[in-house]
Amino acid sequence: MNSHGEDAATENTETRDDRRVLRIRPSMVCVLVAALLGLSTDLALAQTADDLFDPTALHDIRIRLNARDLQSLHERYLENTFYPGEFEWRGASVGNVAVRSRGTGSRNAIKLGLEIEFDRFIGGQRFLGLRGITLDNLWQDPAILRESLTMALFARLGQPAPRESYARLFINDEYQGLYTIVETIDDQFLSRSFGDPAGYVLEYHWLNEFYGSYLGSRLSAYTMMFEPRTHELESPTTVYSAIERLFYEANRNTDSTWREGVDRYLDVPQFLMHVAIEEFVSELDGISGYAGMNNFYLYRPSDNTRQQLIPWDRDNAFQAVQSSVFLRIDDNEILRRLLGYPDLRELYLQMLEACAAAAAGDRWLEREVVWRAALVTPAVRADPNKPYSNDDVDRGIAFLQSFARDRPAIVLNQVRAGR
Amino acid sequence: MLGIYQVSWSDRVCKGCACIFLLTFCAELDAQQASPWPEGAAPASAVAQQSTGDVAKQGETTFTWRDHPTLDIGDHLQLDFRARIQADVRRSGFMTADGDLDGVDIARRRVGVTGTIDRIATFEVERELDGNNPWRDVYLNYEQFPVQVQGGRFKLPLSLDENTSATNLDFVYRSRAATQLAPGRDVGVMAHGRQGLVRYDVGIFRGDGDNSRADTATHVTGTTTRAGRIVIDPFRGSKSAWRDLQVGVAFTTSTVPEGFGDVRGRSALGESFFTPTIMVNGARRRIALEQRWRPGPFSVKAEYIRLTNERLGQGMDDGDLPPLESAGWYVSGTWILTGEQKSRGPDNPTRPLFQGGYGAIEVGGRIERLSFWSDGIGQISTSPRAEVILRQSDRAATFGVNWFPNRWTKLQFNLVQEQLLIPSRDVAAQTLQFWSRVLRVQFAL
């Protein structure tokens, strides 16, 4: 009893002492609170861009826009007007970001495709070191996974491709649906992918059916088609001459020096690998697309003129499991002549075999479909703005599974037949 | 700005010769008009008529030429016909995206008529000969009673500089504050008058004036505007040098609907340095302080104008943002070297050119500043909904010489040094400093 009483007395004394300490040094409380707040901020800031593009996590992105701007964004979704907003991910937020509607076929007023620029209104502002991201609205893909699966295959085969992950998007606390977070193709992408932040990168814009023909020596013929994403302020001669030369060389009639000329302005093996992956995944709207070339960026190293392709917007991949790996190849001037060389044709076939091996090895592609579908299905079912039903989603994912399972063998058969 | 175009130096020489010819013609006309008689030989009746003006007999319609053509229709109506042309030759060190600001600018080509009706009302109708918005002052002033009532289109009673006729400006261009922050003209009705040492103006206007008129559908301007001004002449009636001193205060209030604000910042030669891409919504208030003193051949003027535009509900969270603030001030001084009284105007020189003298010569200087900013907490941004707007400003010093060869002609030369504080690409402030030179030739009837 005494002992207990002594303990109680001691405890009371300690409590009083603690109170006294707290009363004597209230600044310590402030320091403690600040430290806790700082710790939470640090936790948020400790995240990296790799975390944001982690495809194994379903992210939540919250954007806050003025109500008038949100209304205007919906009403004027065809315009590229930037609106200021606040962007938040995992407790880390950044203000005065620029938000605009984006997309071509996927652009709509119901489920907005969005481009986010962190540094448009505040020069030098970054989020996790990024200047911007794209929020793909998955408007044209009932199977949800086409875009991210294709980019994953590009990356698995060592090709440059934007990183992607999945996110539930909330605007002004209202759930907008499932989106894909897509890495912006800019100098930071070049730094990560090529170790060449000073390189040139240009986005191809589909204006009309273009199959690689020569448009003449005037650089203005190419300026609308290719928009610079780096070196925007440099002269057209510096930015566009290599593009004009590429199509000039590709359309020359001289067979003896044709290959050498094209090789000077195009990384031919990389180009063939890009096309091989597109053909493997039965891409409808790529380099050998149904309406000419589309959906790519052109990268030119800072120290030479051999240009490479970077894939973009793969919502139209995985069209037909039986699709020919030579589909529309002859429509494209560059492809047609490249594959006319036996060694390059063989290289192309080997690349298709590599695609099949990468997809089939350890059933990689099939397993990708399964775990990604499991990750996003609840979010897409709750998506209030998707233009397709949940049954459509289920059917789409089932098709992707069968495609992933059957396509490698079909491609290998076509390769054997093509030799 | 009307019709800026590039001219060669040969064109300038030709135009200069034409100006000199016109100037001489006017001077000769002035000499003839001044007195048709040899000095000291005029008959008494003629002297009397000259001294009192060409007074028409009662009920007659007469046309006379005093300072300008005048038509008297009996005792009921008097019409004074006026015309004015101003041409500027400009050279600036400021390079714009389209080139530079050099060239010849026909600043004004205006005709007008002022008049009196039955000695109880006056009116004015003035029109620019070209341009999209040609009508200037169009108003009637009923002045039968101590409280006069003026209605029509005219300048809102705010800013001494803005309400000084372009013909009588001490410098080629009005101050930045008056040009950008004062409302200018609008349609309205105003009561005004004098009570002892106090003059007052109180009015209500359809809009917020031409100076801040929105030029696109996405820009918004003030709606119904209330304006008031009180000017005190504390030494009025005394014989001291202070008798001309006047100080005043003025205000306007209006409401601006939601949209991009329309108040912008331009340099002296018109180059925009603050573009209205800031969302505003709510009350717009101006407050202005003014002072003028013209002892003998000297004058000292100063003004301060502040314009505050609320940004209610314009935050990204739909909350209120700190108001968009604009403020400008200037202090100017002039000295008529030839000794004319400033309060009577140097535009009527004691000894005009070709009449035993060389006209009146005046020198002056002005320092001024115009700024735009918002008071807030956070990062500076160029966003239309930025809480903190980087302070952007124009600081200018003007040195001028005015030559009045006769009552109709005025040549002004101004040397303007400006320092613009504007955002760079990374939203930090950068300073641009440059000189501009302007020569204005003015003919006014």
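Predicted model only: the values in this text are computed from it and were never measured. (Residues numbered from 1 in each chain as written. Chains lettered and ligands numbered in written order. Predicted model: local features only at pLDDT ≥ 70, side-chain atom pairs only at ≥ 80, totals over all residues. Heavy atoms only, no water.)

Moving on: unusual backbone geometry. One non-glycine residue with positive phi stands out, namely Asn 96 of chain A, at about 55°. Relative to the assigned elements, Asn 96 of chain A resides in strand β3 (residues 92-101). Located in the positive-phi region is Asp 118 of chain B, a residue other than glycine, with phi close to 50°. Along the chain, Asp 118 of chain B turns up in the loop between β7 (103-117) and β8 (121-128). (Helix = DSSP H or I, 4+ residues; strand = E, 2+ residues; numbered from the N terminus.)

Let us now look at helix α14 (residues 390-418) of chain A. Spanning 29 residues, α14 of chain A covers 40 Å between terminal C-alpha atoms, matching the ideal 42 Å at 1.5 Å per step. For α14 of chain A, the principal kink sits at Asp 406 of chain A and spans about 40°; a proline, Pro 408 of chain A, occurs within the next four residues. (Expected span 1.5 Å × (residues − 1). Bend = angle between axes of the 7 residues up to and from the residue.)

Quick look at a negative patch on the surface now. On the surface, Glu 86 and Glu 88 of chain A together with Asp 317 and Asp 318 of chain B cluster together into a patch of negative charge. Relative to the helices and strands, Glu 88 of chain A resides in strand β2 (residues 83-89). (Patch = residues over 30% accessible without salt bridge, like charges linked within 9 Å, V, L, I, M, F, W, Y side chains within 5 Å. Areas by Shrake-Rupley, 256 points an atom, 1.4 Å probe, with all protein chains shown as cover. Salt bridge = Lys/Arg side-chain N within 4 Å of Asp/Glu carboxyl O. Lys, Arg positive; Asp, Glu negative; His and termini not counted. Charge placed at Lys NZ, Arg CZ, Asp CG, Glu CD.)

Once that is clear, we can look at the sheet that holds strand β9 (residues 226-228) of chain A. Residues and elements named next belong to chain A. An order of β9-β8-β10-β11 is seen for the four strands of this open sheet, with the pairing classed as antiparallel. A strand with exactly one partner marks an edge of an open sheet, and here the two such strands are β9 and β11 (308-311). Averaged over all adjacent pairs, the angle separating strand axes in this sheet is 30°, with direction ignored. Taken together, the four bridges between strand β8 (residues 200-204) and strand β10 (residues 296-300) define a ladder with antiparallel strand orientation. Directly across from Tyr 200, in β10, lies its bridge partner Arg 300. Helix α8 (residues 236-250) contacts β8, β9 and β10 of the sheet and is inclined by roughly 150° relative to β9. (Pairing = 2+ DSSP bridges. Axes fitted to C-alpha atoms, helices over the stretch in contact; angles between N-to-C directions. Contact = heavy atoms within 4.5 Å.)

Taken together, the 16 residues of chain A in the interface contact 20 residues of chain B. It is Asn 66, Arg 68 and Phe 121 of chain A that lose the most area in chain A upon contact with chain B, and together they represent 37% of the buried surface on that side. The tally of links between chain A and chain B comes to two salt bridges. One salt bridge connects Asp 69 of chain A with Arg 385 of chain B, and the closest N-O pair in it is separated by 2.4 Å. The tally of links from chain A across to chain B stands at twelve residue pairs in polar contact (both at pLDDT 80 or more). Taken together, the elements giving at least two residues each to the side of chain A that touches chain B come down to β1 (58-65), α4 (67-75) and β2 of chain A. In the side of chain A that touches chain B, the residues fall into six nonpolar, five polar and five charged. (Buried area = accessible area lost by both parts, 1.4 Å probe. Polar contact = N/O pair within 3.5 Å; in protein donor to acceptor, adjacent residues only side chain to side chain. Nonpolar A, V, L, I, M, F, W, Y, C, P; charged D, E, K, R; others polar.)

Side chains three or four residues apart in an α-helix point the same way, a direct result of the helix having 3.6 residues per turn. All names here are of chain A. When the terminal C-alpha atoms of helix α12 (residues 342-360) are compared, their 27 Å separation across 19 residues agrees well with the 27 Å that a helix rising 1.5 Å per residue should span. Where α12 is concerned, the buried positions are Leu 344, Tyr 348, Leu 349, Met 351, Leu 352, Cys 355, Ala 356, Ala 358 and Ala 359. Buried-residue contacts for α12 involve α5 (146-156), α9 (255-265), α10 (268-280), α11 (333-338), α13 (364-381) and α14. Phi for Asp 362, located one or two positions after α12, is positive at around 60°. (Buried < 20%, exposed > 50% of the residue type's maximum accessible area, 1.4 Å probe, protein only.)

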